[in-house]
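For reference, the chains in residue letters:
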Amino acid sequence: MKAKTGWIIAGIVLLVLVFYVWSGYNNFITLDQNVNGKWSEVENQYQRQADLIPNLVSVVGSSVKVETNFVKEVTEARTKWLNAKSQLERDTAGVQMNNGISALFNAVATSENYPTLQANKQYIALTDELSGTQNRITTARGSYIQAIQSYNVAIKRFPSNILAGMFGFSAKEYYSSSNGATTTSLGSGVLP
Amino acid sequence: MKMRFNLFVFLIMFLFFVSSISAHQIPNYTDKYVNDFVGILSSEQVSDLRILFESVDKDTTAEVVFVSVESAGEHTPQQYATEILNEWKVGKSDKDNGLVMLYSKQEKKFWIATGYGLEGILPDSKIGRLLDENYVPLRDRENVIEGIVAFANEIAKVIEDNKDEIISGKAGKNDNFFFVFFLVLLSIIGIGIILYKIASIKKLNSKIYKDITISQYGNTTKDSNKKYQNFFSSLAFIIMLIGIFIGNLTMMFLGISLIFLSNLIPKKCSKDGERLKFWKEDSKHKYYRCSRGHILSISLVAAAGGLAGSGFGGSSSGFGGGGFGGGGGGGGGAGR
């Protein structure tokens, strides 16, 4: 009688272990994919920025003569974005685009030389769209960092870390402001 | 020994409960339509806006809310408005059609944050234009409040005019939640079964009764099971389950700690009490034992469920904040 109970218990314990491993693995996969998904969202917003830049350049260019450096910087950053391959390259390019746009807005807003441009409805619409995009980037990055945190916590927490190690899930690096690119701020859109 | 164990676990769980009642950075909403925290609106304006937003909600399902705060703190007003949208989960969960109008007094900024579902009819530039046309002129004449009201009316009109686009939503976002909940429930049941088996092993039984008539305790041991209702620990268990279900850690820890607290209440085998099990018999007597097995297993299940719940779940389980519909936004919007 005792032996039989022992087997039943062993069987149940085994079932639980199997279930635990199965759900644990799926949990890791879900969290991992979530990180990828959130990064895609960041890139979506970078793309959105890239798409708005040609409009911006044409509106700015046709109104008033602006310091060509800003326009050049923004156009170059966009080209870099379109050509970027790795995630780091894309992120660096994305941040550069963002900075370039902020610098351009800043230059126009703080100068007294462009009253026509400042009043131009198209320009205003573009500034709204682009600063909205900046905020979306900030939000998307925030979600991305959270996703990484959830993932890292899940694979480092005991006893899941043993499971994670077995399946080869390793910690992901936290997002950090792209190496090299400095960030500028324009009242309405601050990059972390 | 068991007393000390229960006391210990109760204290720990209670600590978790207490520490999870943390102060939020984002204030809690007090109303679904107008949260005038710094009191810039007159009561008449508040009620006008409430009526306006309520009719937008009823006609189009879009959830519009006005919030005034002293300052956005370390956030930009834009980020703050977005965070409010997401934290309060403004907008229906399947449509994300929420809109937050935030006025921050110190920065003198009026910012609009839109949910994903409204970005189609209210892109950033359109909001900017509506602000320029309705809010800015009045604001520049020191009539901020009227500007806000004028803008609110205009936005409501735009939403109403486009309600067909808003009403068709996207596929349910809650699929994942139910799957996770089901998984948690399964693991709770599984663990519960094991623990029950373990607990009914004789080692955990307690008092021994000699030669009693089972009818004292009900006709069969099954009867005494049916009569078992430890009200307090059942209530605690329900609280914990609700806490897991709605994703509220505070409630969950409260439930767990109460379950262990209920174990501290001295128990003995009684009519309404525990399961009586036949133990052994010898030539002279029949021995019966009271098993506290299922109380222990319920509390351990509760603890396991609580841990599993906090492991699987997280702060975002999709039933919204109670007032709002569960939606969110990506950071769209504009401000002046």
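A brief structural summary. (Residues numbered from 1 in each chain as written. Chains lettered and ligands numbered in written order. Predicted model: local features only at pLDDT ≥ 70, side-chain atom pairs only at ≥ 80, totals over all residues. Heavy atoms only, no water.)

## A short note on the pattern of salt bridges
All names here are of chain B. On inspection of all chains with the given rule, the structure shows 15 salt bridges over all chains. The shortest N-O distance in the salt bridge between Asp57 and Lys92 comes to 3.1 Å. Placement of the pair is Asp57 in helix H2 (residues 43–60) and Lys92 in the loop between helix H3 (77–88) and strand S3 (98–104), with a sequence separation of 35 residues. On the accessibility criterion, Lys92 (22% relative accessible area) is partly exposed. A salt bridge links Lys92 to Glu63, with the nearest nitrogen and oxygen atoms 2.8 Å apart. Taken together, the residues span a long stretch of sequence, with Lys92 in the loop between H3 and S3 and Glu63 in strand S2 (residues 63–69) at a distance of 29 residues. Several salt bridges share partner residues, and in doing so they unite Lys32, Asp57, Glu63 and Lys92 into one network. (Salt bridge = Lys/Arg side-chain N within 4 Å of Asp/Glu carboxyl O. Helix = DSSP H or I, 4+ residues; strand = E, 2+ residues; numbered from the N terminus. Buried < 20%, exposed > 50% of the residue type's maximum accessible area, 1.4 Å probe, protein only.)

## Here's the deal with the side chain of Ser104 of chain B
Residue and element names in this part refer to chain B. Tracing the backbone shows Ser104 in strand S3. Residue classification places Ser104 among the buried residues on the basis of a relative accessible area of 1%. With near-sequence residues (within four places) excluded, Ser104 lies in contact with Val69, Glu70, Ser71, Ala72, Pro77 and Lys109. (Contact = heavy atoms within 4.5 Å.)

## Observations concerning the sheet that holds strand S4 (residues 109–114) of chain B
All names here are of chain B. Strand order in the open sheet formed by five strands is S1-S2-S3-S4-S8, with mixed pairing between adjacent strands. Single-partner strands in this sheet number two, and they are strand S1 (34–36) and strand S8 (332–335). Pairwise comparison of adjacent strand axes, ignoring direction, gives a mean angle of 10° for this sheet. By the bridge criterion, six bridges tie S3 to S4 in an arrangement that is antiparallel. Note on S4: the bridge partner recorded for Val100 is Ala113. Where H3 meets the sheet, its contacts fall on S1, S2, S3, S4 and S8, and the angle it forms with S3 comes to roughly 135°. This element, helix H4 (residues 124–140), spans S3, S4 and S8 of the sheet and lies at about 25° to S8. (Pairing = 2+ DSSP bridges. Axes fitted to C-alpha atoms, helices over the stretch in contact; angles between N-to-C directions.)

## Considering the packing of aromatic side chains
If you walk through the whole model with that rule in mind, you get twelve aromatic pairs over all chains. A centroid spacing of 5.4 Å and a plane angle of 70° characterise the contact between Tyr29 of chain B and Trp88 of chain B, whose relative ring orientation is edge-to-face. Pair noted here: Tyr29 of chain B is in the loop between helix H1 (2–20) and S1 and Trp88 of chain B is in helix H3, with a separation of 59 residues, a long-range link. Owing to a relative accessible area of 21%, Tyr29 of chain B belongs among the partly exposed residues under this scheme. Residue classification places Trp88 of chain B among the buried residues on the basis of a relative accessible area of 2%. Between the aromatic rings of Tyr29 of chain B and Phe324 of chain B, the centroid separation amounts to 4.8 Å while the plane-to-plane angle is 70°, which identifies the pairing as edge-to-face. Residue Tyr29 of chain B is located in the loop between H1 and S1, and its partner Phe324 of chain B is located in the loop between helix H11 (293–312) and S8; the two are separated by 295 residues in the primary sequence. Put simply, the rings of Tyr25, Phe28, Phe167 and Phe169 of chain A pair up and form one aromatic cluster. (Phe/Tyr/Trp six-rings, centres within 6.5 Å; stacked < 30°, edge-to-face > 60°.)

This is a description of form; function is not addressed.
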